[in-house]
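# Analysis of the macromolecular model
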There are 2 protein chains.
Amino acid sequence: MDFIKIAKQAKEASFKIAGISTETKNRAVLMMANAIEGRVREILAANHKDLTEAEKLMAAGKITKAAFSRLKFDEDKIHDMVSGIRNVAGLDDPINQRLLVRQLDTDLTLFKISCPIGVMGIIFEARPDVIAQIAALAVKSSNTVILKGGTEAKHTNKTILNIINSTLDKLEGFPKNVLQQVFSRDDVTEMLKCSRYIDLIIPRGSNSLVKFIKENTRIPVLGHSDGICHIFVDKNADLTMAKEIVIDSKTQYPSACNSVETLLIHKDFPYKEELLDSLSSEGIELINNPESWSFEYSDKILAYKTVKSLDEAINHINTYGSGHTDCIVTNDAPNAEEFMDRVDSAGVYTNVSTRFADGYRYGFGAEVGISTNKTHARGPVGLEGLTIYKYKLVGAGQVVKDYVGGVKQFRHQDLALD
Amino acid sequence: MDFIKIAKQAKEASFKIAGISTETKNRAVLMMANAIEGRVREILAANHKDLTEAEKLMAAGKITKAAFSRLKFDEDKIHDMVSGIRNVAGLDDPINQRLLVRQLDTDLTLFKISCPIGVMGIIFEARPDVIAQIAALAVKSSNTVILKGGTEAKHTNKTILNIINSTLDKLEGFPKNVLQQVFSRDDVTEMLKCSRYIDLIIPRGSNSLVKFIKENTRIPVLGHSDGICHIFVDKNADLTMAKEIVIDSKTQYPSACNSVETLLIHKDFPYKEELLDSLSSEGIELINNPESWSFEYSDKILAYKTVKSLDEAINHINTYGSGHTDCIVTNDAPNAEEFMDRVDSAGVYTNVSTRFADGYRYGFGAEVGISTNKTHARGPVGLEGLTIYKYKLVGAGQVVKDYVGGVKQFRHQDLALD
């Protein structure tokens, strides 16, 4: 089927799913979880096919061992995925929330109501647990999606989405074509051009994938391409705290986007050598080279630099950082405030590991991704990032002429939201 | 000066203005108003130069009479502009608002705080009152701007911005380069490419200008290119109400984006001929032709169509509309609800003129423009649309390892916002 037809179906379905009840959506999400749980064998068989093909690619040096292991499913991973889906059913419905109720005049009331964005194009790499998670988030937020997964996981992704869609087919009142999947690179090219039907693109994968997508579409993209996070150790920082925070931020999961990449140390911090030694003894390779300041190693490698002042640290971060997550370690409260106010990043932290930048840790329940955008949604994005709002205005025949002419005046009185 | 240097200055200034107090911002806005008020003669002299040049262009048929009259300033218009600026000083500061305070654990508190977007590129056509209004909104929201006005108004725009900047220079603590102006088409080309320094583009002007900009940049654009608004007259609508609403929506200001362009009438509405006759007698030209369904006349011309059902009306609007503002006239409450839920537009109205789609009428005080985007901001956009947020996380040395390892658990308890 050609892409435009799929996209048009997604748009039509988006009008239908916008109107279904919270109960129906939660039932749909729970049915998805049950169906996956009941058909684990099928999923593992499909995954086995992908793994067999991937093994050959790995032998030919075409995919890495890490990519191969991310591809591998087992019963435990499937059960984690299922419990993640069930968790989505328990979250508050982000749709149809009243954000403002304002009486403009007698019998003229304005409501600002949250609603779905519409059609999302989701492009993700190998990990096969993403597809079910995105499906659950899309249904819960009343959006429709067109999914394009990594080629290596195609059998697994196809099987999981078939299982989900065949169970949703049985749910009365649930529209068709809410969750569709495409498989080719040409489909991606079409998707990025299809601003007529697609409202938002969400890439999940490597920095290079995200960068490519951001540079090749005019549709809004939600995501981050770089995670160049900093820790600034102020002159009066506690040595033990600085050590623990830097080690956790670098080693707890080095390839995560919220891992620290650059350590800035105040020139008057008296324990610089001791701090650096402790990092080396944790197996962290230290680099002192301006070329590394805009580079995301995603490994146990850490750039470091001595700075003369808080001001220099802030300017360095605003110049070389990626606006993801940056931390100050200090005992000086005004310095902490100044750092958090002036650093222009999605997350600005005081005395805490950069690894906390995560939707689950922030208490959002589920995470769509982490955004370094300056519009719409920034930082870890939960279900709220998949919503927008509309204004409903309910009147009794009012016309603007009367207000312009001075016959009537606006009242503009806000009412309680419930 | 080359554009990149201007843009870099704007970015640097954006870091500074992000930190200034509400008091300083309000003082800056009031100083702008006073300075303009005190130098009306200079502005009128500059405007006279523009008008003299525009007169020649009009004689040569290069600009319309309407464009010429939009360009013309007088003392009354300047006083209206000044009172609009003073009004901005009185609005709530949209920056540094707490949007969420959540205790993740003991001594680990997450704050979601509103903050400015950064650098805005504003491209606007002839009307010379826009520049002061945008300057006031930018300062109030702690953003910096690069302005590109219409060439016809260049003397007026230059004079107004010089007056504003020379008064702001005297305000202690107010950063330089918050408000900059460029004049050439090449600057616009550079601006649309400059995603490194510019965070948001706001076009204000004709549909063709906005369309051109949306198609030629990857920077987020806030605005609308089309205003194809609909009124659906349901079968049991009140005839008098339908007449008054359609007449106001079409004739109160025909070239406004929130004017109605298409009238849909239910086939069982018994007063169709009477309604159409009353519109004709108001000087509205009626057109019944599928080619007009996606066309914005911006004139006293109205397309109309008979539809078989509410469903057909909704589908027509979602197919041919521009997602701006659409209204149902009905006495049937469930139909009104269904219409407002299913029509996918920024404004969905019941029994009220489409001309109410306006920031001032919604009580936002000032308006940046009206957005038909599905992300960030939709509908009339006030100061809030010029903000985003950051997450501040304040801890006491916490590391993620302890939470992943089960040593500690998250509490996720929301606290009061003040």
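Here's what I pulled together on the structure shown here. (Residues numbered from 1 in each chain as written. Chains lettered and ligands numbered in written order. Predicted model: local features only at pLDDT ≥ 70, side-chain atom pairs only at ≥ 80, totals over all residues. Heavy atoms only, no water.)

## Examining the packing of aromatic side chains
The geometry of an aromatic ring pair is captured by the separation of the ring centres together with the interplanar angle, meaning the angle of the planes. The full count for this structure, using the stated rule, is 22 aromatic pairs over all chains. Plain terms: the ring middles of Phe295(A) and Tyr297(A) are 4.8 Å apart, the flat faces sit at 65 degrees to each other, and that makes the pair edge-to-face. Of the residues examined, Phe295(A) reaches a relative accessible area of 44% and is grouped as partly exposed. Each ring, one from Tyr362(A) and one from Tyr391(B), has its centre 5.1 Å from the other, and the planes form 50 degrees; the classification is tilted. Within this pair, whereas Tyr362(A) is found in the loop between β12 (347-352) and β13 (369-371), its partner Tyr391(B) is found in strand β15 (residues 387-398), the two belonging to separate chains. Here the two residues Tyr362(A) and Tyr391(B) agree in accessibility, since each one is buried. Ring pairing ties together the aromatic residues Phe356(A), Tyr360(A), Tyr403(B) and Phe410(B), which thus form one cluster. The ring of Tyr389(A) carries the charged tip of Lys112(A) above its face, separated from the ring centre by 4.3 Å. A cation over an aromatic ring shows up here: Lys158(B) above the ring of Phe183(B), its NZ or CZ 5.1 Å from the ring centre. (Phe/Tyr/Trp six-rings, centres within 6.5 Å; stacked < 30°, edge-to-face > 60°. Buried < 20%, exposed > 50% of the residue type's maximum accessible area, 1.4 Å probe, protein only. Helix = DSSP H or I, 4+ residues; strand = E, 2+ residues; numbered from the N terminus. Lys NZ or Arg CZ within 6 Å of the ring centre and 35° of its normal.)

## Looking at the pairing of strand β5 (residues 179-182) of chain B
Residues and elements named next belong to chain B. With burial as the criterion, each face of β5 is covered, one bearing Leu179 and Gln181 and the other bearing Gln180 and Val182. As defined by bridge partners, strand β4 (residues 144-148) adjoins β5 across 4 bridges and the pair is classed as parallel. What sits directly across from Leu147, in β5, is Gln181. For the crossover that starts at β4, traverses helix α7 (residues 154-168) and ends in the parallel β5, the hand is right-handed. (Pairing = 2+ DSSP bridges. Right-handed = clockwise from strand over helix to strand, strands pointing away.)

## Some points on the pattern of salt bridges
Side-chain pairs of opposite charge can arise where the charged atoms are in close proximity. Residues and elements named next belong to chain A. Inspection of every chain in the model, using the stated rule, returns 42 salt bridges over all chains. In this structure, the salt-bridge partner of Arg39 is Glu42, at a minimum N-O distance of 2.9 Å. A single salt-bridge network, built from bridges that share partners, covers Asp311, Glu338 and Arg342. (Salt bridge = Lys/Arg side-chain N within 4 Å of Asp/Glu carboxyl O.)

## Regarding helix α11 (residues 272-281) of chain B
Residues and elements named next belong to chain B. Restricting attention to buried positions, one finds in α11 the residues Leu275, Leu276, Ser278 and Leu279. Buried positions in α11, seen along its axis, are confined to an arc of 160 degrees and lie on one side of it. Structural note: α11 exposes Glu273 and Ser281 on the side pointing more than 90 degrees away from its buried face. Against the buried residues of α11 lie β7 (229-233), α10 (239-251), β8 (260-266), β9 (285-287) and β10 (301-307). Gly283 lies just past α11 and shows a positive phi near 85 degrees. (Arc of directions from axis to C-beta. Contact = heavy atoms within 4.5 Å.)

In short, shape yes, function no, at least from these values alone.
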